[in-house]
Structures are given as structure tokens and as C-alpha cells.
Amino acid sequence: MEVDQAIRGSDDMRLKTKYNNAIYVIQRALALYSIEEVALSFNGGKDSTVLLHLLRAGYFLHKGEQSCSNGGLTSFPLRTIYFESPSAFPEINTFTYDAASRYGLQLDIIRSDFKSGLENLFKANPIRAIFLGVRIGDPTAVGQEQFSPSSPGWPPFMRVNPILDWSYRDVWAFLLTCKVQYCSLYDQGYTSIGSIHDTTPNSLLCISDSSGHKEKFKPAYLLSDGRSERAGRVKKCSPISQSSPVAEDGLDDPESQVKRMRTGSAIAVGDEIL
Ligand SMILES: Cc1cc2nc3c(=O)[nH]c(=O)nc-3n(C[C@H](O)[C@H](O)[C@H](O)COP(=O)(O)O)c2cc1C
Ligand SMILES: Nc1ncnc2c1ncn2[C@@H]1O[C@H](COP(=O)(O)OP(=O)(O)OP(=O)(O)O)[C@@H](O)[C@H]1O
């Protein structure tokens, strides 16, 4: 299996540990639920791209087919759900459709809100667990663990988060080591992708050009401080966000950080907050 071989051949011990732990979570989930009962939540972003390749590796290792050649991996019968929004970047949509066809995913495109989309999906399919590319540091990760039941008020299912403890650097180490394709926007300076209305390239990757020509940006993997990953994401309008924009260094303002610290926790490894 090409991804598994790439990681095992790498001398990046940290990446190996992250990979092994994520594969362990995936294999535990696949031991608990049948392949018909699980789904991948995929949105073409870098985190869900990592998750897709980990799931392929975990599934084929689980099946005991370590010696598969590339040709044997074209079909991966995993139900994959994509909530497509009218304000998604075209590059994200194209990447998502291409990935689904390249890896033989069963793609369900849902054009409604998350909750009712999931409710309708569950009426027609026996899904009990959904894999997500959520990482600590994402606003939605607060309070989550590798296995977290869905929140009260949501349809009942298990959220499985194999890369919860991965940092920005881990994500790029994986994508580059495994030489897998990712959405082209990341090579244009986007470091985290929301909608066309709230996402710009990360200004920390801007290449200064005195000629006044169009701005150019370095690729996302060159961002040195993962804490600034969301610097290109404009905050949604709310009384708090209007008065407290994202700071120059990409970190939230101190007030919202304190709020988050009351309910969440942070792990520091070297100079990076996971
Ligand atoms: C498959 C799936 C399951 C989700 N389950 C929950 C949940 O149980 N509880 C919750 O509060 N939000 C849930 N969400 C919503 C996410 O936490 C988050 O609001 C959403 O991904 C939008 O993030 P964004 O605002 O960064 O785009 C879920 C989203 C998806 C795609
Ligand atoms: N529109 C969507 N459709 C399907 N899954 C989604 C959608 N939005 C979010 N998710 C799930 O939530 C996870 C976390 O989303 P998040 O936006 O933080 O990461 P990402 O999109 O993979 O990468 P990036 O941070 O670079 O945009 C995704 O990896 C995916 O599993």
C-alpha cells in the first residue's frame, strides 16, 4: 500500500507515531462498525485529504491486503459525504469530484444544512459512525475526543476523529511524504479554506513585489507557524468578531482565547500549540 510504504520508509519519527496512532483509531472503528455503517466526511480540504489516505491505508491493512499494488486500490467502497455549498471554491469542488472518481469513493453530495442532510442520509443508510478531519485548534474541536458521540440535538452517530492531535506541520509532512494530490488552492497561499466569501490567501505567505504587479503567495506548506493557519479566514460577523479581528499573527484575540481556554485544553509540542 503506497501510503503505508511511504510512511514506513520515512525517517520522520514524529510522523510515524502520528500515522500509527491514527491507523489504530481507524482500525478500532472498523472493528466496531461494518464498512456499510461508516462514512467519511470529505470537503476537499487538506485535513480531509489526509483522512482519506489514512482511511484507505487503514482499510486495506484491516483487510490484510498489505501487498496490494496501486492497481488493486482503485476501488474503496467507502460512503463519502460532501456538503456542497453554492459559495464553495470551484477548485474545491473539482478536487472533491476528482478524488472521488480516482479512489472509487461512493460520493453523496448533500446540498442542505449539516443536520437535516445527515437526518435524511440516516433514513436511507445504516450509518453509525462518521470519520472527520477535525484537529485540536479547529474551532469545532473543543471538547471532542477521538471517539465523540454527536452533540445533543444532532442525529445519533459516533464522530471518529483520527487526526485530532495532528498539527498543521504534521498534515503537511504527511501530504508531502506520501506525495498525494491536494487541492490546488494550497499552492496559491491558502492555508485553511472556507467559502469564497470568507477566505483569502494567508498574508504571511505573501511574496513582496515592488513592481506593483498582482500579489504572489508561497505554498501553504511553507507556513512556518501553524498557529497562523486560519489567518486567511475572515471571521463571521458577530458582536465579538466585529470588535476583535484576527490578530496579525493569526491567533485569535486574547479575550476569545481565554474563553476557549475555559472550555478546552492545549498541548504544546516544541514551539507549536496542537
Ligand atoms: C459530518 C458532520 C458531523 C457533525 N456533527 C456535529 C455535531 O455532532 N455537533 C456539532 O455541534 N456540530 C457538528 N458538525 C458541525 C461542525 O462542528 C461545524 O460546525 C461544521 O463543520 C462547519 O464548520 P465551519 O464553520 O468551520 O465551516 C458536524 C459537521 C459534519 C460535516
Ligand atoms: N462541507 C463539508 N462537507 C463534508 N465534510 C465537511 C465539510 N466541512 C467540514 N467537514 C468535515 O470537517 C473536517 C474539518 O473541517 P476543516 O475545514 O477544519 O478542515 P479541512 O477543510 O479538511 O481543511 P482546511 O482547514 O484546510 O480547510 C473536514 O476535514 C471534514 O471531515
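Residues numbered from 1 in each chain as written. Chains lettered and ligands numbered in written order. Predicted model: local features only at pLDDT ≥ 70, side-chain atom pairs only at ≥ 80, totals over all residues. Heavy atoms only, no water.

## Examining the pattern of salt bridges
Note the following rule: One side-chain nitrogen of Lys or Arg within 4 Å of one carboxyl oxygen of Asp or Glu is enough to make a salt bridge. The secondary structure listing takes helices from DSSP runs of H or I that are at least 4 residues long and strands from runs of E that are at least 2 residues long, numbered from the N terminus.
In total, this model carries 13 salt bridges according to the counting rule given. When the shortest N-O distance is used, the salt bridge between R79 and D108 registers 2.4 Å. Highlighted residues: R79 in strand β2 (residues 79-83) and D108 in strand β3 (residues 106-110), separated in sequence by 29 residues. Each of R14, K18, D165 and D170 takes part in a single network of salt bridges with overlapping partners.

## Let's talk about the packing of helix α2 (residues 13-32) against helix α6 (residues 168-178)
What counts here: Comment: axis = line fitted to C-alpha atoms, over the contacting stretch for helices; angle = value between 0 and 180 degrees taken between N-to-C directions. Every angle not falling under 35 degrees, over 145, or within 65 to 115 is termed oblique; those three ranges are roughly parallel, roughly antiparallel and roughly perpendicular. A contact between two residues is defined here by any heavy atoms of the two lying within 4.5 Å. Polarity classes work like this: nonpolar for Ala, Val, Leu, Ile, Met, Phe, Trp, Tyr, Cys and Pro, charged for Asp, Glu, Lys and Arg, and polar for all others, with Gly in that last group.
Packing of α2 against α6 leaves a shortest axis separation of 10 Å and a crossing angle of 95 degrees. In terms of their interaxial angle, α2 and α6 are classed as roughly perpendicular. Between α2, through R14, L15, K18 and Y19, and α6, the contact on the second element is made entirely by D170, A173, F174 and T177. When its residues are assigned to classes, the contact of α2 with α6 shows four nonpolar, one polar and three charged.

## Re the sheet that holds strand β6 (residues 158-160)
Condition: For two strands to count as paired, DSSP must find a minimum of two bridges between them.
The strand order β3-β2-β1-β4-β6-β5 describes an open sheet built from six strands, whose pairing is mixed. The open sheet has two free edges, formed respectively by β3 and β5 (147-149), since each of these has just one partner strand. Between one strand axis and the next, the sheet turns through 30 degrees on average, direction left out of account. The pairing of β5 with β6 spans three bridges and is antiparallel. Counted as the bridge partner of F147 is V160 from β6.

## Comments concerning the packing of aromatic side chains
As a reminder, the rule being used: Geometry of aromatic contacts follows a simple scheme: Phe, Tyr and Trp rings, the Trp one being its six-membered ring, pair when their centres are within 6.5 Å, and the pair is stacked under 30 degrees between planes, edge-to-face over 60, tilted otherwise. Throughout, exposure labels follow a simple rule: accessible area from a 1.4 Å probe, protein chains only, divided by the maximum for the residue type, with under 20% read as buried, over 50% as exposed, and the rest as partly exposed.
Evaluated as defined, the whole model comprises ten aromatic pairs. Relative to F174, the ring of W166 has its centre 5.7 Å away and its plane inclined at 65 degrees; by these criteria the two rings are edge-to-face. Relative accessible area serves as the criterion here: at 0%, W166 is assigned to the buried category. Accessibility expressed as a relative area gives 0% for F174, which makes it buried.

## Notes on the environment of T17
Selection criterion: Any N or O atom pair separated by 3.5 Å or less is treated as a polar contact, with the protein-specific requirement of one donor-capable and one acceptor-capable atom, and with residues adjacent in sequence counted only for side-chain atom pairs.
One can find T17 in helix α2. Along the chain, T17 and I7 lie ten residues apart, while their C-alpha atoms are 9.9 Å from each other. Here the side chain of T17 touches M13 through a polar contact of 2.9 Å, landing on its backbone oxygen.

## Observations concerning a nonpolar patch on the surface
Short version of the rule: The patches reported here contain residues having more than 30% relative accessible area and no salt bridge. Joining distances are 9 Å for like charges and 5 Å for nonpolar side chains (Val, Leu, Ile, Met, Phe, Trp, Tyr). Residue burial considers only the protein chains on display, and all accessible areas are found by Shrake-Rupley using a 1.4 Å probe.
Judged by side-chain polarity, L176, Y221 and L222 come together as a nonpolar surface patch covering roughly 260 Å² of accessible area. With respect to the helices and strands, L176 occurs in helix α6. Exposure remark for L176: the relative accessible area of 37% places this residue in the partly exposed category.

## Section: the pairing of β2
Within a regular strand, the side chains alternate between the two sheet faces. Here is the rule we go by: Orient the strands so they point away from the viewer, and a crossover whose first-strand-to-second-strand path over the helix runs clockwise is right-handed.
Counting buried residues in β2 gives five out of five residues, a clear majority hidden from the surface. Of the two faces of β2, the one carrying R79, I81 and F83 and the one carrying T80 and Y82 are both buried. Here strand β1 (residues 38-41) pairs with β2 via three bridges, running parallel. Bridge pairing in β2 places A39 opposite R79. Handedness of the crossover joining β2 and β3 through helix α4 (residues 90-102) is recorded here as right-handed.

## Overview of the side chain of T191
Within the secondary structure layout, T191 lies in the loop between α6 and β7 (206-207). A polar contact is formed between the side chain of T191 and the side chain of N202, at a distance of 3.0 Å. In this view, T191 contacts K46, Y168, Y186, N202, L205, A220, L223, S228 and E229; residues no more than four positions away in its chain are not counted.

## As for helix α3 (residues 46-62)
One turn of the α-helix equals 3.6 residues, which is why residues spaced by three or four share an orientation. The test is simple: Any helix carries an expected span of 1.5 Å times its number of residues minus one.
With 17 residues, α3 extends 24 Å from end C-alpha to end C-alpha; this agrees with the ideal 24 Å at 1.5 Å per step. Summarising burial for α3: 16 of the 17 residues are buried, a large majority. Residue G64 follows α3 closely and has a positive phi angle near 75 degrees.

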